[in-house]
Amino acid sequence: MQMYAMNSKAVPAILLTLLLMVVLYYYLTQSSRVIVSPCPTSCWTSEPKDRVPTYVIPTGYVFHLETPDHLQYSQPSIVKGRTDVVAVTPWLAPIVWEGTFNPVLLDSIYKQKKISIAVTVFAVGKYIMFLKNFLETAEQHFFVGFNVHVYVFTDRPKEVPKVNMAVGRQLTVRSVPSSKRWQEISARRMELIQKLIEEQLRKNSDYIFCLDVDSKFHDRWGAESLGGLVAVIHPGYYLDDRGKFPYERQSASKAYVAHGEGDFYYCGGAFGGILEEVYLLANTCRSNFEEDAKNGIEAAWQEESHLNRYMWINKPSKVLSPEYLWQDFKPRNPEVKTVRFSGVIKNYADIRPNV
């Protein structure tokens, strides 16, 4: 009788031990692979925007960084490096400058992932004249050795130049209507980017960059630029006090940023990231732009104004220095060791339907 009582007491303890062992085994086997949602459904934001439907983009992304065995590269240091620039934001996002990353190491990590990068470029009206230079220099400098798919939006599809593209790189032309106002062309970009992600990119791309066509590449633009939400600091304002930034100052506008607010002034001509983050940005900016239009408001710099409002609230996870969109008419400042991408010199009166 005593032995039976002891056994009846031991059974729950044994079952509890087995349960703990199963839980421990599950934890250990799952810890070897980390799946991170860049902005899970529980994320909160003060901006009115819809979550990305699960049928549009898968929400899990693997951020495991693995290098090939025996890869040789320069020893990193936490006490030596550039001292003339800031390389991290107050919210701990990297600010990418020449000399702050190792291209050999980064390429070894990301090329083996076989990622695909989409690029959108709008060549509407006379802006088609810049497309050939954009495409040819992209072949030389933009994610060389990676899978790249360039999507050209244009109202002149027959004038799209033929450019020899390397293996793994391709170009698709998508027709769009002409417009009599360049502001309308600018405003529609977010809508078209959103639809492209919904209809096409979710099937075959991992990252997207949205770039201005009246620009060209001069130096490497590669894996160092990858991130969740990626912004480029505008070359015209990075030395200024934020009171001088051309934010939208109409308080009634959805792009409004009050005096004393804001971080940096970002370019509308270059931004990107993973599909989910760019979808959210495009969807929100489009919604806010349409809300402004209903109220008879046009933000000072159209989608760039809305983008800056969005990125003040929704901080970019990686910030690219002005190296990634310089202006050809500006002399290069000492801290800008290289120019990777730049806006070319042009006469807006000659290329825009209205000025």
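Since this is a predicted model, take the numbers as computed values, not measurements. (Residues numbered from 1 in each chain as written. Predicted model: local features only at pLDDT ≥ 70, side-chain atom pairs only at ≥ 80, totals over all residues. Heavy atoms only, no water.)

A few words on the overall build of the protein chain. The number of helices and strands found in the protein chain is seven helices and 13 strands. Evaluated residue by residue, the protein chain yields a buried proportion of 46% over its 355 residues. Considering only contacts in the protein chain between residues 6 or more positions apart, those separated by 24 or more positions represent 77%. Element-wise, carbon and sulfur atoms account for 56% of the exposed surface of the protein chain, whose accessible area totals about 18,900 Å². (Helix = DSSP H or I, 4+ residues; strand = E, 2+ residues; numbered from the N terminus. Buried < 20%, exposed > 50% of the residue type's maximum accessible area, 1.4 Å probe, protein only. Contact = heavy atoms within 4.5 Å. Areas by Shrake-Rupley, 256 points an atom, 1.4 Å probe, with all protein chains shown as cover.)

This part takes up unusual backbone geometry. Here Leu92, not a glycine, exhibits a phi torsion of approximately 70°, which is positive. As for its placement among the helices and strands, Leu92 is situated in the loop between strand 2 (61-62) and strand 3 (95-96). Despite not being glycine, Gln302 shows a phi value in the positive range, around 45°. Its location among the elements puts Gln302 in helix 6 (residues 302-313). By relative accessible area, Gln302 is classed as buried at 3%.

With that out of the way, let us pick up the sheet that holds strand 10 (residues 266-274). Reading across from one edge, 3-11-9-10-7-4-5-6 is the order of the eight strands in this open sheet, with mixed pairing throughout. The open sheet is flanked by strand 3 and strand 6 (169-175), the only strands paired with a single partner. Bridging between strand 7 (residues 207-211) and strand 10 involves five bridges; their strand directions are antiparallel. Looking at strand 10, one finds that Ile208 is bridged to Gly273. (Pairing = 2+ DSSP bridges.)

The three strands lie next to each other as 8-13-12, forming an open sheet whose pairing is mixed. Of all the strands in the sheet, just strand 8 (215-217) and strand 12 (326-327) have a single pairing partner and so form its edges. As defined by bridge partners, strand 12 adjoins strand 13 (residues 341-343) across two bridges and the pair is classed as parallel. What sits directly across from Trp326, in strand 13, is Ser342. The strands that helix 3 (residues 131-141) touches are strand 8 and strand 13; relative to strand 8, the one it contacts most, it runs at about 25°. (Axes fitted to C-alpha atoms, helices over the stretch in contact; angles between N-to-C directions.)

Restricting attention to buried positions, one finds in helix 2 (residues 103-111) the residues Leu105, Leu106, Asp107, Ser108, Ile109 and Tyr110. Looking at the buried side of helix 2, the elements it contacts are strand 7. The N-cap of helix 2, judged by a side-chain oxygen 3.0 Å from the amide nitrogen of Val104 a few residues on, is Asn102. (Polar contact = N/O pair within 3.5 Å; in protein donor to acceptor, adjacent residues only side chain to side chain.)

This part takes up the packing of aromatic side chains. Scanning the entire structure with this criterion turns up 22 aromatic pairs. Between Phe143 and Phe209, the ring centres sit 5.9 Å apart and the planes meet at 40°, which makes this aromatic pair tilted. Linking Phe143 in the loop between helix 3 and strand 5 (147-154) with Phe209 in strand 7, this pair joins segments that are 66 residues apart in sequence. For Phe143, a relative accessible area of 1% puts it in the buried group. An aromatic cluster of at least three residues, connected via ring pairs, comprises Phe134, Phe142, Phe143, Phe146, Phe209, Phe217, Trp221, Tyr324 and Phe341. (Phe/Tyr/Trp six-rings, centres within 6.5 Å; stacked < 30°, edge-to-face > 60°.)

What follows covers the environment of Tyr256. Checked against the element boundaries, Tyr256 lands in the loop between strand 9 (229-233) and strand 10. The exposure class assigned to Tyr256 is partly exposed, which follows from its relative accessible area of 27%. The spacing of Tyr256 and Arg309 is 53 residues in sequence and 6.7 Å in space, taken between C-alpha atoms.

Relative to the assigned elements, Val163 resides in the loop between strand 5 and strand 6. With sequence-adjacent residues up to four places away left out, Val163 is seen in contact with Leu135, Glu136 and Glu139.

Attention now moves to a nonpolar patch on the surface. Nonpolar side chains collect at one region of the surface, where Val86, Val88 and Leu92 lie side by side and expose about 300 Å² of accessible area between them. You can see Val86 is positioned in the loop between strand 2 and strand 3. (Patch = residues over 30% accessible without salt bridge, like charges linked within 9 Å, V, L, I, M, F, W, Y side chains within 5 Å. Salt bridge = Lys/Arg side-chain N within 4 Å of Asp/Glu carboxyl O.)

This part takes up the nonpolar core. Judged by nonpolar contacts, the single largest core of 44 residues is most densely connected at Phe142, Leu211 and Trp221. Mapped by element, the contributors of at least two residues to this core are helix 2, strand 4 (116-122), helix 3, strand 5, strand 7, strand 9 and strand 10. Residues Leu201, Ile233, Val278 and Leu307 belong to the second largest nonpolar core, which totals 36 residues. (Core = buried A, V, L, I, M, F, W, Y, C linked by side-chain atoms within 4.5 Å.)

A few words now on the pattern of salt bridges. On inspection of all chains with the given rule, the structure shows 16 salt bridges. In this structure, the salt-bridge partner of Glu98 is Arg340, at a minimum N-O distance of 2.4 Å. Here the residue Glu98 occupies a position in the loop between strand 3 and helix 2, and Arg340 occupies one in the loop between strand 12 and strand 13, the gap between them amounting to 242 residues. We classify Arg340 as buried; its relative accessible area is 1%. A single network of salt bridges, built from pairs that share partners, joins Arg188, Glu191, Lys195, Arg286 and Glu290.

What follows covers the confidence of the model for the protein chain. Predicted confidence across the protein chain gives a mean pLDDT of 85, with 78% of residues reaching 70 or more. A low-confidence stretch, residues 1-6 (pLDDT under 50), is modelled with zero contacts involving residues beyond four sequence positions or located in other chains. Counting contacts from residues 26-49, a segment whose pLDDT is below 50, to residues more than four positions away or on other chains yields 37 contacts. (pLDDT = per-residue confidence, 0-100.)

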